[in-house]
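# Tertiary structure, described
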Amino acid sequence: MKKYFILSVAVLMSALTFTACGDDDDSSSPVTPTDPTATVNAEKEAAMKALTGQYVNNVIFPTYKALATLTAELYDELVDAKSKLREGTLTQSDIDEICSTFIDARSAWERSESFLYGAATDFGIDPHIDTWPLDRTALAKALSSAEIIEDLDDLEDGGIDNARALVGEQQLGFHGIEFIIFRNGQNRTLAALKGVEDDEAFAGRNISGEQELIFAAAVAGDLRDKCFQLEVSWLGDEAPAAHIERVEECEFPTTLAGSDSSYGENMLNATKAGSTLATWRKVMSTILVAGCSNICAEVAGQKIGQAYTGADPDYIESPYSQRSYYDFYDNILSIRNSLNGADADVAQANSIMSYLQKYNATLAQGLQARLNAALDALDKAKKGTPFVIDPHSSNAKEAMDAINALDEVINEAATWIAAN
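Position numbers for residues start from 1 in each chain and track the written sequence from start to end. In view of the model being predicted, local features appear only for residues whose pLDDT reaches at least 70, and side-chain atom pairs are presented and counted only at 80 or more, with totals across whole chains, interfaces and linings using the full set of residues. Excluding hydrogens and water, the side-chain values take into account all heavy atoms of the structure.

## Overview of the overall build of the protein chain
Counting secondary structure elements, the protein chain contains 18 helices and 2 strands. Radius of gyration here is computed from C-alpha atoms only, and the compact-globule reference equals 2.2 Å multiplied by the residue count raised to the power 0.38. Its C-alpha atoms give the protein chain a radius of gyration of 30 Å, more than 25% over the compact-globule value 22 Å for 420 residues. Burial here depends on accessible area, computed with a 1.4 Å probe over protein chains only, as a share of the maximum for the residue type. Under 20% is buried, over 50% is exposed, and the range in between is partly exposed. A buried classification covers 49% of the 420 residues belonging to the protein chain. If you take every contact in the protein chain between residues at least 6 apart in sequence, the share linking residues at least 24 apart comes to 74%. Here, Shrake-Rupley sampling with a 1.4 Å probe gives the accessible areas, and only protein chains in the shown set may cover a residue. Accessible surface, the protein chain as shown: approximately 19,000 Å² in total, 51% of it carbon and sulfur. Considering the protein chain, the positive charge centre built from 32 side chains and the negative charge centre built from 65 side chains are found 6 Å apart. What counts as a helix is a DSSP run of H or I of at least four residues, what counts as a strand is a run of E of at least two, and both are numbered from the N terminus. Whether two residues are in contact is decided by their heavy atoms: any pair within 4.5 Å suffices. Neither His nor the chain ends contribute to the count of charged residues, in which Lys and Arg are positive and Asp and Glu negative. Charged side chains are reduced to one point each, which is NZ for Lys, CZ for Arg, CG for Asp and CD for Glu.

## Quick word on the packing of helix α8 (residues 159–166) against helix α11 (residues 209–235)
Running from N to C, α8 and α11 cross one another at 95 degrees; their axes reach a closest spacing of 8 Å. With respect to α11, the axis of α8 lies roughly perpendicular. Of the residues in α11, those in contact with Gly159, Ile160, Ala163 and Arg164 of α8 are Ala218, Gly221, Asp222, Arg224 and Asp225. Taken together, the residues that form the contact of α8 with α11 break down as 3 nonpolar, 2 polar and 4 charged. Comment: axis = line fitted to C-alpha atoms, over the contacting stretch for helices; angle = value between 0 and 180 degrees taken between N-to-C directions. We call two directions roughly parallel when the angle between them is under 35 degrees, roughly antiparallel when it is over 145, roughly perpendicular when it lies between 65 and 115, and oblique otherwise. Any residue that is not Ala, Val, Leu, Ile, Met, Phe, Trp, Tyr, Cys, Pro, Asp, Glu, Lys or Arg is counted as polar, Gly included; the first ten are nonpolar and the last four charged.

## Some points on the packing of aromatic side chains
Only Phe, Tyr and Trp rings are paired, with Trp represented by its six-membered ring, and only when their centres lie within 6.5 Å; those with planes under 30 degrees apart are stacked, over 60 edge-to-face, the remainder tilted. All told, the structure shown has 15 aromatic pairs when counted by the stated rule. Note on Tyr325 and Phe387: the rings are 5.4 Å apart at their centroids and 70 degrees apart in plane angle, and the pair reads as edge-to-face. Within this pair, whereas Tyr325 is found in helix α15 (residues 324–340), its partner Phe387 is found in the loop between α17 (361–382) and α18 (394–419), the two being separated by 62 residues in sequence. Here the aromatic residues Phe102, Trp109, Phe174 and Phe182 are joined through ring pairs into a cluster of three or more. For a lysine, the NZ atom is tested; for an arginine, the CZ atom; a charge sits over a ring if that atom is within 6 Å of the ring centre and within 35 degrees of the ring normal. Between the NZ or CZ atom of Arg224 and the centre of the ring of Tyr75, over which it lies, the distance is 4.5 Å.

## So, the confidence of the model for the protein chain
Confidence of the predictor in every single residue is expressed as pLDDT, which spans 0 to 100. Mean pLDDT over the protein chain stands at 91; residues scoring 70 or higher make up 92%. Between residues 1–27, whose pLDDT stays under 50, and residues either more than four places distant or in other chains, the model counts 0 contacts.

## Thoughts on the packing of helix α3 (residues 92–110) against α15
α15 packs onto α3 with a crossing angle of 45 degrees between their chain directions and a minimal axis gap of 8 Å. Relative to α15, the element α3 is oriented oblique. Residues Arg106, Ser107 and Glu110 of α3 form the contact with α15, whose participating residues are Asp327, Asp330, Asn331 and Ser334. A per-class count over the contact of α3 with α15 returns no nonpolar, 3 polar and 4 charged.

## Remarks on α11
One less than the number of residues in a helix, times 1.5 Å, gives the span that helix is expected to have. With 27 residues, α11 extends 38 Å between its outermost C-alpha atoms, agreeing within 8% with the 39 Å of an ideal straight helix rising 1.5 Å per residue. Extensive coverage of α11 is indicated by the burial of 26 of its 27 residues. One or two positions beyond α11, positive phi appears at Gly236, with a value near 60 degrees.

## Here we look at helix α6 (residues 136–143)
Those residues of α6 that sit buried are Leu139, Ala140, Ala142 and Leu143. Seen from one end, α6 has its buried residues packed into an arc of 165 degrees, which puts them on one side. Residues Thr137 and Lys141 are exposed on α6 and point more than 90 degrees away from its buried face. Buried residues along α6 sit in contact with α7 (146–153), α8, α9 (173–181) and α11. Comment: arc refers to directions from the helix axis out to C-beta atoms.

Shown next, in the form of structure tokens:
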């Protein structure tokens, strides 16, 4: 029995040894270790894709929806005011409501200016609806023509379309309407619209408030149509059917050149065949450089800088409502919204700011500080002397400096993301 037991143990050990060797042979193929750099890069790519979705869906889409809705309301209110003035039923409350809607629509537009790189630029919508200074002499001449007034008044038969050809692009858009409904930083009065235009450029022309409202209503229709074009260009089929129908009636282009894609689809489908954005880092550069940095440079160097430096003393935005600094503040809010991923003071999940907070906290902290400083400088300016009255005030210089500092760190963030 003892000899048998020893032999059995030996056989068992031999079998175990063979099995162990077999296991070693089966696992002898080399295992590729995980590359930490590749893992982090894949994580970043996924994060950039997610934040692009947040940016398009929670920043661009709602902004253009609001702009389209508010400009449509502005048009309806001005058409109604024109009729009421003729009937003798227009009230100051009606005018005040128009001014309030204008301010809201204007704010929505200014909060879209950190993404002018899309349809707003490609289709010339930005200069079409937001050119200044207004050529009041040319406007006075146009409104002196009975034929032009008759054409503009016929809204059901091309009056809105005719506005583009009849009064010239420099009289269109927000600032043409602003001149009619605001003066010296105040809402236009009912008495003024019941009387004759007293602006010096209109001297001797006997232009009535009715003629002015005819012009304002037609221009508001054109403004609405161009804002519908912006909305449809970005949202595509997700835009309201009535807005799509109007844009088609106007025969406005709404897709990228040589493509059937909307601007929203193009960005959301970055890296895929057909998109003009080959990488997610290219998307980040578009948002930060073509978008946020571009509007920083425009606000500091042109919107404030032209008048402040004396390069063009008349280059003052929103002079009749005297809301220049409000426009500029909204421009920087558009940057804040682009960085935070929504209309919020703090970074939302899946936003550029939260991305930087995770991967470069120091840079994120610096960007937030510069953003806050720019908003604080413009908030201070809003409470001071209107820019149209004193462009050389210290408020203008402080705002310019703060915005230029913000621009610097935005570009630093873009460079870092591109390289990392």
